[in-house]
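Working through the structure, step by step
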Amino acid sequence: MTDIATRANRVVAETGGRRRHYGGGPGAGTIVAFLTPFFLPFVLFYLVPVGYAIWQSFLVVRRTGGQYGTSYTTFGGFEQYAQVFQNTEFWSSIGRIGLFGIVQVPVMLLVSLIMALLLDTPLLKIKPFFRITAFMPYAVPGVIAAIMWSYLYSPQVSPLVDALKGIGLQPDFLGPGAVLWSAANVSTWLWTGYNMLIMYSALQSIPQELYEAAKLDGASNWAIAWKVKVPIIAPSIVLTTVFSIIGTLQLYAEPAVLRQISSNISSTYTPNMLAYAVASGNNYQQAAAISVVIAVITFVLSFGFMRLTSKKAGL
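Note that this is a predicted model, so its numbers are computed, not measured.

**Observations regarding the packing of helix α6 (residues 142-153) against helix α8 (residues 179-204)**
Across the interface, α6 lies against α8 with an axial gap of 10 Å and an inter-helix angle of 130°. With respect to each other, α6 and α8 are oriented oblique. In this structure, α6 crosses over α8, and the sense of that crossing is right-handed. Note on element contacts: α8 touches α6 through S182, N185, V186, W189 and L190, opposite G142, A145, A146, M148, W149 and Y153. Its residues assigned to classes, the contact of α6 with α8 comprises eight nonpolar, three polar and no charged.

Following this line, the structure appears as structure tokens:
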């Protein structure tokens, strides 16, 4: 016992009387070590570029001595934003993308919901095959998907166009009235399976006892689907809607690829295409202002939709 007490006193003397607390929370160094792999790339590749874009949007390029004089960059306040709001091409692209979202998003989410409900029903056979088949388009990069569909839309080489002509139809997928919906079809094909899996995952968390109770009350499979399942997974539907709103305002790949085979898509067809076209003309400050406005519109629409649905749900 004496030896143990002597060793204990020696340890206390060497550590200055400090105690080690085992089983307590992690130290500050441990927390920083775990958070750094996330926060460092987040700051470097997200916050810094966003901050730089915002700063650039407040700058303007001036020239001394006329059009061919020396150029210099100076602070211009909201001058770039004023030009954005006065740009008719910007508002045309916003209106076009708004029409796109009003039609495409509800259709895509409705199809996703129906597919998720079908996956969740015991009446459907070979569920794994159906699930992987529905999700497979999401694994295709957006540019590749647009190239694939542009082949099917092209009247010169498309077997689909030839088949429709064979039954007396004259499709024009790249015409001025149809090209927007051709791009919407590509987006729907790409993202339906992704949204379906989110909804299907939510359906899997519903206790089976609820279904059994509904059946005891005489509810049919249809009634269980629309009166039990859909209200419970409403948060997942809201989440996929927010994702779709954000994705709609970021639309770029599909119309940019289709533009190669259609003269009805201009370089300013969508807001993102407009920003890219302006940046290609070395007007980076104007492009930054357009990007900031798009980001603000995206935030307002997404946050507004979430607030609206939360109020209706009483949250």
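**Focus: the environment of P155**
When you line up the elements, P155 lands in the loop between α6 and α7 (159-166). Take P155: its relative accessible area is 41%, and that puts it in the partly exposed class. Remark: the alpha-carbon pair of P155 and P171, spanning 16 residues in sequence, is separated by 8.5 Å. Discounting chain neighbours no more than four positions away, the residues touching P155 are V161 and L174.

**Notes on the nonpolar core**
Membership of the largest hydrophobic core comes to 22 residues, with the highest contact counts inside it found for L113, A116, L117, M196, M199, L203 and I233. Looking at this core, the elements that each hand over two or more residues are α4 (88-120), α8, α9 (208-216) and α10 (221-232). With eight residues, α4 is the single largest residue contributor to this core. Excluding residues that lie within four positions of it along the chain, L117 makes contacts with L203, A225, W226, K229 and V230. Grouped together as the second largest cluster of nonpolar side chains are 18 residues, F100, A145, L190 and L258 included.

**Structural notes on the packing of aromatic side chains**
Each pair of aromatic rings is reported with the distance of its centres and the angle of its planes. The tally for this structure, following the rule as stated, stands at 20 aromatic pairs. With 6.1 Å between their ring centres and 20° between their planes, F58 and F75 make a pair best called stacked. Of this pair, F58 sits in the loop between α2 (28-57) and β1 (59-64) while F75 sits in strand β2 (residues 70-75), and the two are 17 residues apart along the sequence. Grouping aromatic residues by their ring pairs yields a cluster made of W55, F58, F75, F78 and Y81.

**Concerning the side chain of S302**
Checked against the element boundaries, S302 lands in helix α14 (residues 284-313). Residues in contact with S302, not counting those within four places in the same chain, are V242, I245 and I246.

**Remarks on α6**
Owing to its 3.6 residues per turn, the α-helix brings residues three or four apart onto one side. End to end, α6 covers 16 Å across 12 residues, agreeing with the expected 16 Å (1.5 Å per residue, within 8%). Of the positions making up α6, those classed as buried are A145, A146, W149, S150 and Y153. With its buried residues spanning 140° around the axis, α6 presents them on a single face. Residues of α6 that are buried sit in contact with α7, α8 and α12 (253-258).

Parameters at a glance
- Residues numbered from 1 in each chain as written.
- Predicted model: local features only at pLDDT ≥ 70, side-chain atom pairs only at ≥ 80, totals over all residues.
- Heavy atoms only, no water.
- Axes fitted to C-alpha atoms, helices over the stretch in contact; angles between N-to-C directions.
- Helix = DSSP H or I, 4+ residues; strand = E, 2+ residues; numbered from the N terminus.
- Parallel < 35°, antiparallel > 145°, perpendicular 65-115°, else oblique.
- Left-handed = near helix turned anticlockwise from the far one by under 90°.
- Contact = heavy atoms within 4.5 Å.
- Nonpolar A, V, L, I, M, F, W, Y, C, P; charged D, E, K, R; others polar.
- Buried < 20%, exposed > 50% of the residue type's maximum accessible area, 1.4 Å probe, protein only.
- Core = buried A, V, L, I, M, F, W, Y, C linked by side-chain atoms within 4.5 Å.
- Phe/Tyr/Trp six-rings, centres within 6.5 Å; stacked < 30°, edge-to-face > 60°.
- Expected span 1.5 Å × (residues − 1).
- Arc of directions from axis to C-beta.

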